[in-house]
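The chain contents come next:
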Amino acid sequence: MQKAIIILTALLGVACIAMYFVMQFREREEKQPPTPFVVLQLDTSRLGTLTPYREGFVVGNARGELRVFADLQPGTTPQIYPVSTNPIVAPVFERDGVFYVGDTNGTFWAFDPETGVKWSYKTYNQITGSAMWCDGMVVVGSHDHTLYAFDPETGELQYTVECNGEINGSPLYLESQHAILFGSCDGLLRKIDVRTGSITADINFDYYIPETPTLYDGILYLLTRNYDEPPDEDENNDGGGENQGLLAAIDADSFGILWRVPTKDMYSSAPYATNDYLFLTTYFKGKINVHSRKDGKYLTTLDTEEKMTTLQAGDDSRVFAVSKPGKLYEWRRENGTWHGTLLADLQTDCTRGCLLLGDKLIVVDDNGGMFYLRPEEAREITP
């Protein structure tokens, strides 16, 4: 009997302790501030570059699928289309209901969601840039040093343009001149007659052009770097030096250089442009440097304690960027000074920058997770 009483007392003690921890957990849960972001999906497969599409976006992933989000409401589920057996990291281009995209094995796909693969073409290296519609043709660049122009209906190759370096980014189209503009890792910015594929002009920047130039208000802004492959990344390496590359502005119509500014930091992306500013994310430290769009002059740095991904959302008064550890920041410009605020901590690793679609910011992590938030709402509940 005495033994039974001892056991019962011990069980009651355990129950009391358990109840105490349950109450403590509930109390902490009640005190926890509301989450400012909405989870669209978690841990599926590493995602490529988001591309706006209708009221949502389309994105490829490491399984070679296309995921199409028709809108961005809580509980939204994507349409999933298997396209390739290789990862798709490039932006997806859509025209007349057909998706055009390349994969990391170098195959370029024309995919109709209604009927499946329309046609495909195998290049000799990976495709990481978006295609472009130019005078009734689909044009795309490959890491095999070649620009390709296709008939969008049949996939018949119309012509190629050979370069001496990889084409990492996407071609740009000047409809008024029937011209294609693109840079490559051989340091040349080229202007191509879209009807014939002939080179009508080029500018030699001497250094590698690692990404698509930014076209804003008729002006091309590009960054170069003086390494084909950057040195090994080192947390103590700030990338500083007297000449790591160039920031340049080129008039798209005349193809003349407006200005060029040497950079002391290394970059692997294109500038993000607003009406007055150019935002450049450094390769090593992930700091966001702000330059004048008028003349390229360095103005200030948007700095945090963390390495930032490439900034690609905002305007002259506010910009947004996500850090590598998954913290989303907003900088607002007031009285000539930029002030930073932490909007959300996703607590997940991120490599790609955020994307602004209407009133929503979209962030993807390195595991295929996808999140969105409305900055105005996040600001109200962020401590």
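Use the structure listed above.
Below or above, wherever it landed, is the structure these notes cover. Sequence order as written defines the numbering, with residues in each chain counted from 1. Per-residue local features of the predicted model are confined to residues with pLDDT of at least 70, and side-chain atom pairs are confined, for both listing and counting, to 80 or more; whole-chain, interface and lining totals are unaffected and use all residues. As a rule here, side-chain values cover all heavy atoms of the structure and leave hydrogens and water aside.

1. Structural notes on the side chain of His143
Definition in use: Secondary structure is summarised from DSSP: a helix means a run of H or I of at least four residues, a strand means a run of E of at least two, and numbering begins at the N terminus for each. Definition of a polar contact: a pair of N or O atoms within 3.5 Å, with one able to donate and the other able to accept a hydrogen when the atoms are protein atoms, and with sequence-neighbouring residues admitted only if both atoms are side-chain atoms. Contact between two residues is taken to exist if any of their heavy atoms lie within 4.5 Å; hydrogens are not considered.
One can find His143 in the loop between strand 11 (137-141) and strand 12 (146-150). Side-chain polar atoms of His143 contact the side chain of Glu166, separated by 3.4 Å. A distance of 3.1 Å separates polar atoms of two side chains, one belonging to His143 and the other to Asn168. What His143 contacts, discounting residues up to four positions off in sequence, is Asn125, Gln126, Thr128, Glu166, Ile167 and Asn168.

2. Some words on the packing of aromatic side chains
One pair of aromatic rings is described through two measures. These are the centre distance and the angle between the planes. Worth spelling out the cut-off: Side-chain rings of Phe, Tyr and Trp (the six-membered ring for Trp) are treated as a pair once their centres are within 6.5 Å; stacked means planes under 30 degrees apart, edge-to-face means over 60, and tilted covers the remaining angles. Summary of the burial criterion: residues with accessible area below 20% of their type's maximum are buried, those above 50% are exposed, and those between are partly exposed, where the area comes from a 1.4 Å probe applied to protein chains only. Charge-over-ring placement is defined geometrically: NZ (Lys) or CZ (Arg) within 6 Å of the ring centre, and within 35 degrees of the ring normal.
Under the defined criterion, the tally for this structure stands at 19 aromatic pairs. Between Tyr221 and Trp259, the aromatic rings sit 6.2 Å apart at their centres with planes inclined by 45 degrees, giving tilted as the arrangement. Of this pair, Tyr221 sits in strand 19 (residues 219-223) while Trp259 sits in strand 21 (residues 257-263), and the two are 38 residues apart along the sequence. According to the relative accessible area criterion, Trp259 is buried, its value standing at 14%. Aromatic ring contacts, followed pair by pair, group Phe93, Tyr100, Phe108, Trp119, Tyr121, Tyr148 and Phe150 into a single cluster. Lying over the aromatic face of Trp133, Arg95 brings its terminal NZ or CZ to 4.2 Å of the ring centre. The positively charged end of Lys360 is found above the aromatic ring belonging to Tyr372, 4.7 Å away from the centroid.

3. Thoughts on the sheet that holds strand 4 (residues 65-69)
So the rule is basically this: Here a strand pair is declared whenever DSSP counts at least two bridges between the two strands. Note on geometry: axes are lines fitted to C-alpha atoms, helical ones only across the stretch in contact, with angles between N-to-C directions running from 0 to 180 degrees.
A sheet is described by the order of its strands in space; here 4 strands give the open sequence 2-3-4-5, paired in antiparallel fashion. Across the chains shown, the open sheet's two edge strands, defined by having one partner strand only, are strand 2 (51-53) and strand 5 (79-82). Adjacent strand axes in the sheet meet at a mean angle of 25 degrees, parallel and antiparallel pairs treated alike.

4. Observations regarding the state of the cysteines
Here a disulfide denotes one covalent bond, and it connects the sulfur atoms of two cysteines. Defined as follows: Throughout, a disulfide means two cysteine sulfur atoms within 2.5 Å of one another.
Here the structure, examined in full by the defined rule, presents 0 disulfides. The closest cysteine sulfur to the non-disulfide-bonded Cys185 is located on Cys163, 9.9 Å from its own sulfur. Judged by relative accessible area, which is 8%, Cys185 ranks as buried.

5. Here we look at the nonpolar core
The condition that has to hold: In these notes, a set of buried Ala, Val, Leu, Ile, Met, Phe, Trp, Tyr and Cys residues joined through side-chain atoms within 4.5 Å is what counts as a nonpolar core.
In this structure, Leu181, Leu189, Phe205, Leu220, Leu222, Ile250 and Phe255 are the most contacted members of the largest nonpolar core, which totals 15 residues. Those elements that place two or more of their residues in this core are strand 14 (172-174), strand 15 (179-183), strand 19 and strand 20 (245-251). Here this core gets 3 residues from one element, more than from any other, and that element is strand 20. Not counting chain neighbours up to four residues away, the residues in contact with Leu220 comprise Leu172, Leu181, Leu189, Pro213, Thr214, Leu215, Ala248, Ala249, Ile250 and Ala252.

6. Description of unusual backbone geometry
A positive phi is found at Asp217, a non-glycine position, where the angle reads about 55 degrees. One can find Asp217 in the loop between strand 18 (214-216) and strand 19. For Asp217, a relative accessible area of 66% translates into the label exposed. The backbone of Phe255 shows a phi angle near 60 degrees, a positive value even though the residue is not glycine. Inspection of the secondary structure puts Phe255 in the loop between strand 20 and strand 21. Residue classification places Phe255 among the buried residues on the basis of a relative accessible area of 8%.

7. Quick notes on the side chain of Thr348
Along the chain, Thr348 falls in the loop between strand 29 (337-345) and strand 30 (355-357). The buried category is assigned to Thr348, whose relative accessible area is 13%. Side chain to side chain, Thr348 and Asp365 meet in a polar contact 2.9 Å long. Setting aside anything within four residues of it in sequence, one finds Thr348 in contact with Lys324, Pro325, Gly326, Asp365, Asn367 and Phe371.

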